[in-house]
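Survey of secondary and tertiary structure
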Amino acid sequence: MKATIDHIGIAVGNLAESLAFFKDALGLELDHPEELASQRVRAHVVFTADGRDGATLELLEATAEDSPIAKYVARRGAGLHHVALRVDDIEAALAQLKARGVRLIDDAPRPGAHGTRIAFVHPASTHGVLVELVQR
Ligand code: CO
């Protein structure tokens, strides 16, 4: 399997403070926010110099108190949430991991932001790093 870094997910506690850093202080460009209703999350994609096709940062803002991101921030504070690896064939990637006994959160791909297909791998099988597989 070949994989590249697609994005780094960051759980945001206070969006204005996060934007003050990434947008104002660093001067990075932001995409239009995208609401992921099923996750009760709003995603703000921050572009690096590689642009839309390169590795990005994904600021995740909870839109409801029962959002997984709200729970994460309440428990562990704002900060690094997941690492997303881009793969060519997400079904093949999941099958390969399953065959090796890796614990998956998503057995099958589900829709992600911007028309992508995503699946999460359980941190119990990844030494504590929540891993997201992404097929664009
Ligand atoms: Co992500």
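Structure first, text after, so check above.
It should be emphasised that the depicted structure is a prediction, and the values quoted were computed from it without experimental measurement. Every residue gets a number counted from 1 within its own chain, in the order that chain's sequence is written. Given that this is a predicted model, residues contribute local features only at a pLDDT of at least 70 and side-chain atom pairs are listed and counted only at 80 or more, while totals for whole chains, interfaces and linings are drawn from all residues. Values shown for side chains rest on all heavy atoms present in the structure; no hydrogens or waters enter the calculation.

Points about helix 1 (residues 15–25)
Buried, partly exposed and exposed residues are distinguished by accessible area as a fraction of the type maximum, computed with a 1.4 Å probe on protein chains only: under 20%, between the cut-offs, and over 50%, respectively. By the criteria applied, helices consist of DSSP H or I runs no shorter than four residues and strands consist of E runs no shorter than two, each listed in order from the N terminus. Looking only at helix 1, the buried set comprises L15, S18, L19 and F22. Projected onto a plane normal to the axis of helix 1, the buried residues spread over an arc of 95° and lie on a single side. Exposed side of helix 1, more than 90 degrees from the buried face: A16, E17, D24 and A25 are the residues found there. Buried-residue contacts for helix 1 involve strand 1 (4–12), strand 2 (29–30), strand 4 (41–47) and strand 5 (56–62). Under the rule applied, a polar contact is a pair of N or O atoms within 3.5 Å (in protein, one hydrogen donor and one hydrogen acceptor; residues adjacent in sequence only if both atoms are side-chain atoms). One side-chain oxygen of the residue at the start of helix 1 lies 3.0 Å from the amide nitrogen of A16, identifying that residue as N14. One or two residues past the end of helix 1 sits G27, with phi positive at roughly 75°. Read the arc as the range of directions from the helix axis to the C-beta atoms. Any two residues having at least one pair of non-hydrogen atoms within 4.5 Å are treated as being in contact.

Observations regarding the coordination of the cobalt ion
For a metal bound by four donors in tetrahedral geometry, the ideal donor-metal-donor angle is 109.5 degrees, whereas six donors in octahedral geometry ideally sit at 90 or 180 degrees. For Na, K and Ca the donor cut-off is 3.2 Å, while for other metals it is 2.8 Å, and in both cases only N, O and S atoms qualify; water is not among them, so sites may look incomplete. All of the protein donors around the cobalt ion are H7 (NE2), E58 (OE), H82 (NE2) and E132 (OE); their distances to the metal are 2.0 to 2.2 Å. Irregular is the default label, applied whenever a site is not tetrahedral (four donors, all angles between 85 and 135 degrees) and neither square planar nor octahedral (four or six donors, opposite donors over 155 degrees apart, all other angles between 65 and 115). Here the cobalt ion is ringed by four donor atoms whose angles at the metal span 81 to 167°, and the overall shape comes out irregular.

Here's the deal with the nonpolar core
Note on terminology: a nonpolar core comprises buried Ala, Val, Leu, Ile, Met, Phe, Trp, Tyr and Cys residues joined through side-chain atoms within 4.5 Å. By size, the foremost hydrophobic cluster in this structure holds 10 residues: V87, I90, A93, L94, L97, L104, A119, V121, V131 and L133. Within the residue set of this core, elements represented by two or more residues are helix 3 (90–99), strand 8 (117–121) and strand 9 (131–135). For this core, the leading source of residues is helix 3, giving four residues. Of all hydrophobic cores here, the second largest spans eight residues; its members include V12, L15, L19 and L57.

A word on helix 2 (residues 68–76)
With a side-chain oxygen positioned 3.1 Å from the backbone nitrogen of I69, the residue opening helix 2 is S67. Two residues or fewer past helix 2, G77 is found with a positive phi of approximately 85°.

Looking at the pairing of strand 5
The element strand 5 is extensively covered by neighbouring structure, given that six of its seven residues are classed as buried. Bridge count between strand 1 and strand 5: six bridges; the pairing is parallel. Among the inter-strand pairings, I8 is bridged to a residue of strand 5, identified as L57. Strands pair, by our definition, only if DSSP identifies at least two bridges between them. Across seven bridges, strand 4 lies against strand 5 in antiparallel orientation. Each bridged residue has a counterpart across the sheet, and for V41 the counterpart in strand 5 is A62.

Shape descriptors only; they carry no functional weight alone.
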